[in-house]
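Each chain, written out:
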Amino acid sequence: MFSSKVSKLARSILSASKASPSRFYSEGRRAIAAAASVSLTRKAPVFASNYGRAGSESGFRTWIAGALALPAAAYMLQDQEVHAAELERTFIAVKPDGVQRGLISEIISRFERKGYKLVGIKVVVPSKEFAGKHYHALKEKPFFNGLSEFLSSGPVVAMVWEGEGVITYGRKLIGATDPQKSEPGTIRGDLAVVVGRNIIHGSDGPETAKDEINLWFKPEELVSFTSNAEKWIYGVN
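Residues numbered from 1 in each chain as written. Predicted model: local features only at pLDDT ≥ 70, side-chain atom pairs only at ≥ 80, totals over all residues. Heavy atoms only, no water.

(A) Region of interest: the overall build of the protein chain. Within the protein chain, the secondary structure is distributed over 13 helices and 4 strands. Looking at the protein chain residue by residue over its 237 residues, the buried ones come to 42%. Pairs at least 24 residues apart make up 74% of the contacts formed inside the protein chain by residues separated by at least 6 positions. Here the protein chain displays about 13600 Å² of accessible surface, and carbon together with sulfur accounts for 54% of that area. (Helix = DSSP H or I, 4+ residues; strand = E, 2+ residues; numbered from the N terminus. Buried < 20%, exposed > 50% of the residue type's maximum accessible area, 1.4 Å probe, protein only. Contact = heavy atoms within 4.5 Å. Areas by Shrake-Rupley, 256 points an atom, 1.4 Å probe, with all protein chains shown as cover.)

(B) Layout of the confidence of the model for the protein chain. Predicted confidence across the protein chain gives a mean pLDDT of 79, with 64% of residues reaching 70 or more. Segment residues 69–78: pLDDT under 50, and 24 contacts once partners within four positions in sequence are set aside and those in other chains are kept. (pLDDT = per-residue confidence, 0-100.)

(C) The UniProt feature "binding site: ATP" (unreviewed entry) in the protein chain, seen in detail. Under the feature "binding site: ATP" (unreviewed entry), the UniProt entry names Lys 95, Phe 143, Arg 171, Thr 177, Arg 188 and Asn 198. Locating Arg 171 in the fold gives a position in helix α10 (residues 166–174). In this structure Arg 171 comes out as partly exposed when scored by relative accessible area, which is 34%. With residues up to four places along the chain from it excluded, the contact list for Arg 171 reads Gly 202, Ser 203 and Asp 204. Considering the arrangement of structural elements, one finds Thr 177 in the loop between α10 and α11 (187–191). Beyond its immediate stretch of four places on either side in the chain, Thr 177 contacts Arg 188, Val 195 and Asn 198. (UniProt positions renumbered as here; feature names shortened; annotations may be inferred.)

(D) Seen up close, the pattern of salt bridges. Applying the stated criterion across every chain yields a total of 7 salt bridges. Linking Asp 190 and Arg 110 is a salt bridge whose minimum nitrogen-to-oxygen distance equals 3.1 Å. Of the two residues, Asp 190 is situated in helix α11 and Arg 110 in helix α7 (residues 104–114); the sequence distance between them amounts to 80 residues. Under the relative-accessibility criterion, Arg 110 is labelled buried at 13%. Notably, a salt bridge pairs Lys 128 with Glu 149, separated by 3.3 Å at the nearest N-O pair. With a gap of 21 residues between them, Lys 128 in helix α8 (residues 128–134) and Glu 149 in helix α9 (residues 144–151) connect regions that are remote in the sequence. According to the relative accessible area criterion, Lys 128 is partly exposed, its value standing at 37%. (Salt bridge = Lys/Arg side-chain N within 4 Å of Asp/Glu carboxyl O.)

(E) Representation of the environment of Phe 111 in the model. In this structure, Phe 111 sits in helix α7. Assessed through its relative accessible area of 0%, Phe 111 is described here as buried.

(F) Structural detail: the nonpolar core. Grouped together as the largest cluster of nonpolar side chains are 21 residues, with contacts concentrated most on Ile 107, Phe 111, Trp 161, Ile 199 and Ile 200. Those elements giving two or more residues to this core turn out to be β1 (88–94), α7, β3 (156–163), α10 and α11. Broken down by element, this core gets its largest block of residues, 4 residues, from α10. Not counting residues within four places of it along the chain, the set of residues in contact with Ile 107 comprises Val 94, Ile 187, Ile 199 and Ile 200. In terms of nonpolar packing, the next biggest core, distinct from the first, is built from 14 residues, Ala 93, Val 156, Val 160 and Leu 222 among them. (Core = buried A, V, L, I, M, F, W, Y, C linked by side-chain atoms within 4.5 Å.)

(G) Focus on the sheet that holds strand β4 (residues 200–202). Strand order across the open sheet formed by 4 strands is β2-β3-β1-β4, with antiparallel pairing between neighbours. Two strands lie at the open edges of the sheet, namely β2 (117–124) and β4, each paired on one side alone. Pairs of neighbouring strands in the sheet enclose a mean axial angle of 20°, with direction left out of account. As paired strands, β1 and β4 are joined by 3 bridges and run antiparallel to one another. If you follow Ala 93 over to β4, its bridge partner there is His 201. Together, β1, β2, β3 and β4 form the strand contacts of helix α12 (residues 206–216), whose direction differs from that of β1 by roughly 60°. (Pairing = 2+ DSSP bridges. Axes fitted to C-alpha atoms, helices over the stretch in contact; angles between N-to-C directions.)

Quick look at the structure:
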């Protein structure tokens with residue numbers, strides 16, 4: 001496994017290549033120095049001697065394209081960053097009725113089995129005022145007060161899930177707002193009966209997801225990591 005120092009420099013090289021030739025040139029020299037201290041299948045001194053004959057920035061650019069095989073993490077990081085940019089996050093909450101009925105693990109397992117990744121979770125009892133902030137878009141509705149009272153009536157399991165298409169498909173996993181109109185196989189279709197006790201909430205769009213995540217979680221409460229299962233979930237043949 002590559003050292004964190006080389007991985008950091010690999011990121012720097014990728015960034016530099018998009019900026020200017022001179023920065024790309026200098027960052028590459030730093031990468032060689034760092035790579036020389038790392039034990040790899042291809043030894044750094046071989047590439048270092050080639051660098052001495054590069055002769056120009058254009059020559060160095062040609063050389064570094066091959067030399068980047070040395071810290072292969074450069075390409076790996078680039079792939080990971082591109083893939084990460086394609087992933088989105090959504091806010092999912094198990095409401096007080098779902099918590100009281102012991103459905104937390106059932107709901108989590110459905111998202112996990114789909115292939116989505118849990119990057120934030122906590123159990124809270126929100127105040128009515130906080131619940132009102134969550135339902136602010138429904139403030140003018142006659143049922144707003146009842147919704148706020150119910151959400152603040154007991155523990156809520158707040159979660160952030162990450163994955164490709166997780167906002168749209170997360171809603172499909174959840175089912176229609178009215179359980180009577182939810183298809184069998186969905187969470188509400190299988191586990192809920194009436195709309196007033198539909199056990200789960202999910203963001204209905206990108207902007208809503210962003211707002212709800214920011215409302216319920218601080219940035220440091222969320223984690224970013226690459227799951228070992230992702231190559232089996234997102235692999236391309």
